[in-house]
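# Analysis of the macromolecular model
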Amino acid sequence: MRFILPICIALFFHPCFSGLSGAGAAEVVDADLLIVGGTESGWAAAIQAARSGVAKIVLVHDGRWLGGQYTEQALACVDENKGVGKVGWGVDWHPMKRSFHRFGLFKELMDRIEAFNTSKYGSPMPGLPYHGPSTFRPAEAEAIFREMLDPYLRSGQVRWVPEHYAVRADVDRSPRSQKLSGLWFAPTDRTQPDLHVRARLTIDASDWGDAIQLSGAAFEYGPDPPNRYGEPSAPENAPTNEMNPITWAMIVTESESETPIAKPKNFDDRNYPRATRFSQSEFRDLDWDVKNLKLGAIEHWPDAGKAAKRQLSVYTVRRIVAGETSRDGKTSILLNYMNGQDYPLERLPASVAADLEATEPGASKKNIVVMSRQQRELVFQDAKQHSLGVLYHLQNFVHQRADDKTNSFRRFSLSDEFGTPDNLPPKPYIRESLRLKAMYMMREQDGRNRDGETKDKARPRFAAVMYPDGLFAWQFHYDFHRTGRTYLKNENPVGTENNGPWIDYHKPLRNTNFLSDRCVFPMRSLIPESMDGLLGAQGNLGFSSIVSAAIRLHDQRIHVGQAAGATAAFALQHNVNPREIPYDREKLESVRGDLCGYAADSVPLLLWPFRDLSTTHPAFVPINRMAALGMLPMERDEVDFRADDAADKDWIIEIARRSGISVDATKFSGATRGEFCRAWWAHLSDIGWKPAAFLRQSVVDADGDGILDRDDALLFTPNRPIEFQVERATYPPDRDGVPDALATAARFFDFCGPGTTTSDKFLVDHGNVFDAERGFGWSDDLSRNHRKRNAMDGPGDSFVFTRATARWECAVTNGRYRITVCLGDSGHEQINQSLSIESERVVDRQSTAAGEFLEITHETIVRDGKLTIDIGSALEGSNTCLNWLRIEGGN
């Protein structure tokens, strides 16, 4: 639903309408920048703005803790940018690799958290979780958030005001514009304001878009219908209160004895058929009013002596400290478990709906975004009880059925680190908020991977749309937890509804099947379409509901806050409206320079989504700045910059051409790509070079392509409306996995599993050990190491592989041979593949994208009666995949 709050909202919050006291009762504070929300995004905005020189910053929060989802929402197992492939950031012991090396304030924060973990627990990542791998205790992380903000508090640049919420707004209105100029705040235990902050600019980093709602700025919430943004997976006729669910996370810590919790209100074991395999077995056949539900479940906890390693169970999926390996010997676990703990926001239980209706007719059908604080609290209380039910179910139903009770949850208690009466976190994990109606609303089709309909076909590459005003890199799947709720039919006879046990389920198109490519986040999505004096942050941004599901992670929300802080700082210091900046390349580059520069006290942001570029590389800044300016020639699949490779002469000349400057490429002979970028960026600075200005054709259509700027992803590139279309990759003959026409004088081998349909012109190798009678085979048994992807026709679709090294031999007469081999995988990226022919290295640690192959022809001499092929690099995460082989010659 789209909401544009009219001028009457200002009347509603006027003292005579709301019972609020006048200005005389409130402290008046003047600020350059007001930040609403001490979330991770608000915290980052405050630090970035302070580092950028903003003198007076006020940070107001409706809780006691800084850090948002890290701390008061207790999401203590870190989720970061990730996509496809096995190359990226990550520790050796965990297979989950991230899309980028860590960057910006997020890296600074995680470096400190992991240093603290090492000191206290003996490991930077002490949980060894199945998910993750980085974990922390929320209270310990909050102390680090506070520590990092403290220099700016002590200097007086930042004032921190906890436990206050916004109750009304000052909006300066004229026939031509509206500007937010201040907000009034009340203590969280009262309704009358005691603080009035007048600010030149406000950033809304709150949980529910408080400043946006009070100001009257336009915003949206709930599912976007297909006709709004033309998104391929937008649902038809979805209820307006459907949202990515909230979850009341729990931190439980190991106890000396059994510490079961009391039975939660309205508890019923039937709410949790997905909790464990015991639960699934007991409740798999219940009659829900939605059919064909998936009821997957995992193990409960490891047996005695088997808990230390990374493994999939409720106990270990998001374990934050592994007692078996940590210095303190105590296990701590985050229970944020989508198999039963999530709380959908549609079809609320009848008892909750009745309580809501008592506050306001129709309240039970409202989207949680536009509920009052009192109404949200009614939903929150039921969500708490539902989460506690998960723990109670584990401590009782599952405990009774488990043979080995050593690691039972009865020996865990709720952590008291939050200082709350119920030992639960102060807030739920909030995945989706309102969406600011911004200068540009990011759409699914802008960034969704186009290798196939679902993420299974995805290969690493840059997005189809790389916004010209991008401020940081991101990638994730469009991650909807189960948004629907279904009830037992026998508990709801005709005339009643939404009573008794319920479970959640994936509604059509609300799932995790779609993936973004490597994207950038546009400045325009921070800036309201019409309201001045305001920027969005946290989840209150210019994107569709679908895109919001992919930009909500720990690192992303800190990057959003930094981007908002830098944008605000530039606008304040140069007295410009933020809305001007995306249209002015020089101004835009100043903001980028603030985010990605050489400041000694900060880590720069990744502006362009390269996979292999670390912030510690000496050329990190110039590479990013040049990429964002479009100076670097690259293909969409060139996700690795290869900074330490030699700089090619033609590549250098092309960069100079794009810079509008001639170059003598011989002066850079022997330089690496990174070294050249450093030298070139310094040269541009020395000569006072400025990028070419954006040419704006009209006020509403900058590039004159007939697409209004509000709907134009590519502001200065004439284009057609962006639509999602699957793009089938095409490769040249030496990379397509298809053998040339089969010569009769050659011998051909197809490496595949039993049952694969093959050409009668091929000899088939199933990975069996060498057999003299057959005349070919392997030194080791690889008969289980075969795959078929069903992604293409022919021998390229299947392969025999090794993760280590393996030798294949074929009996031949001595002589000279011409050997052609094909390595690759039609369905997945493969890294660090190696192959030798007669002990001569032919392929050395080369990678292939999904559907890409290495077809190498090599001449060799056989002197011992056997052609010998060695495959495999034995490097971590590598598979060398041999598809087919051709032998010609013998003379």
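Residues numbered from 1 in each chain as written. Predicted model: local features only at pLDDT ≥ 70, side-chain atom pairs only at ≥ 80, totals over all residues. Heavy atoms only, no water.

### A closer look at the overall build of the chain
Scanning the chain for helices and strands turns up 17 helices and 31 strands. When its C-alpha atoms are laid out on the principal axes, the chain stretches across 100 × 75 × 55 Å. Burial analysis of the chain (891 residues in total) assigns 60% to the buried set. Within the chain, residue pairs in contact and separated by at least 24 positions form 73% of the contacts whose partners lie at least 6 positions apart. Accessible surface for the chain amounts to roughly 34300 Å². Of this, 48% is attributable to carbon and sulfur atoms. Between the mean site of the 105 positive side-chain charges and the mean site of the 121 negative ones, the chain shows a separation of 1 Å. (Helix = DSSP H or I, 4+ residues; strand = E, 2+ residues; numbered from the N terminus. Buried < 20%, exposed > 50% of the residue type's maximum accessible area, 1.4 Å probe, protein only. Contact = heavy atoms within 4.5 Å. Areas by Shrake-Rupley, 256 points an atom, 1.4 Å probe, with all protein chains shown as cover. Lys, Arg positive; Asp, Glu negative; His and termini not counted. Charge placed at Lys NZ, Arg CZ, Asp CG, Glu CD.)

### Some words on the pattern of salt bridges
Scanning the entire structure with this criterion turns up 74 salt bridges. Ionic pairing is found between Arg190 and Asp189, a salt bridge with its closest N-O pair at 3.8 Å. Taken together, the shared-partner salt bridges in this structure form one network comprising Arg450, Asp451, Arg459, Arg461, Asp517, Arg636 and Glu727. (Salt bridge = Lys/Arg side-chain N within 4 Å of Asp/Glu carboxyl O.)

### Brief notes about the environment of Gly53
Relative to the helices and strands, Gly53 resides in the loop between α3 (40-51) and β3 (57-60). Using a relative accessible area of 45% as the deciding quantity, one classes Gly53 as partly exposed. Sequence separation of Gly53 and Gln157 is 104 residues, and the distance between their C-alpha atoms is 8.8 Å. Every residue in contact with Gly53, bar those within four places of it in the chain, is listed here: Gln157 and Gln573.

### A look at the nonpolar core
Leu33, Trp43 and Leu632 are the most contacted members of the largest nonpolar core, which has 131 residues in total. Here this core gets ten residues from one element, more than from any other, and that element is helix α13 (residues 554-574). If sequence neighbours within four positions are ignored, Trp43 has contacts with Gly37, Leu66, Leu105, Leu109, Phe145, Met148, Leu149 and Ile558. (Core = buried A, V, L, I, M, F, W, Y, C linked by side-chain atoms within 4.5 Å.)

### A closer look at the state of the cysteines
What the rule picks out here adds up to zero disulfides. Of all cysteine sulfurs, the one in Cys677 lies closest to Cys596, which takes part in no disulfide; the gap is 12 Å. This cysteine, Cys881, is not joined by any disulfide, and Cys822 carries the nearest cysteine sulfur, 10 Å off. Cys881 sits in the buried class, given a relative accessible area of 0%. (Disulfide = S-S within 2.5 Å.)

### Considering the side chain of Glu72
With respect to the helices and strands, Glu72 occurs in the loop between β3 and α4 (104-121). You can call Glu72 buried: its relative accessible area is 1%. Of the polar contacts made by the side chain of Glu72, one reaches the side chain of His61; its length is 3.0 Å. With sequence-adjacent residues up to four places away left out, Glu72 is seen in contact with His61, Gly63, Trp65, Asp207, Pro425, Pro426 and Lys427. (Polar contact = N/O pair within 3.5 Å; in protein donor to acceptor, adjacent residues only side chain to side chain.)

### Quick word on the packing of helix α9 (residues 350-359) against helix α10 (residues 373-401)
With their axes 10 Å apart at the nearest point, α9 and α10 run at an angle of 170° to one another. It follows from the interaxial angle that α9 and α10 lie roughly antiparallel. Between α9 and α10 lies a crossing of right-handed hand. Together, Val352, Asp355, Leu356 and Thr359 of α9 and Gln374, Gln375, Leu378, Val379 and Asp382 of α10 make up the contact between the two elements. Tallied by class, the residues present in the contact of α9 with α10 amount to four nonpolar, three polar and two charged. (Axes fitted to C-alpha atoms, helices over the stretch in contact; angles between N-to-C directions. Parallel < 35°, antiparallel > 145°, perpendicular 65-115°, else oblique. Left-handed = near helix turned anticlockwise from the far one by under 90°. Nonpolar A, V, L, I, M, F, W, Y, C, P; charged D, E, K, R; others polar.)

### Quick notes on the packing of α3 against α13
Two elements in contact, α3 and α13, have axes whose closest approach is 7 Å; the angle formed by their N-to-C orientations is 40°. Pair α3 / α13 crosses with right-handed handedness. Across the interface between the two elements, Glu40, Ser41, Trp43, Ala44, Ala45, Gln48 and Ala49 of α3 pack against Arg557, Ile558, Val560, Gly561, Gln562, Gly565 and Ala566 of α13. Looking at the contact of α3 with α13 residue by residue, the class counts come to seven nonpolar, five polar and two charged.

### Thoughts on the confidence of the model for the chain
Mean pLDDT for the chain: 94, with 96% of residues reaching 70 or above. Taken as a whole, residues 2-23 scores under 50 in pLDDT and shows 42 contacts with residues more than four places along the chain or in a different chain. (pLDDT = per-residue confidence, 0-100.)

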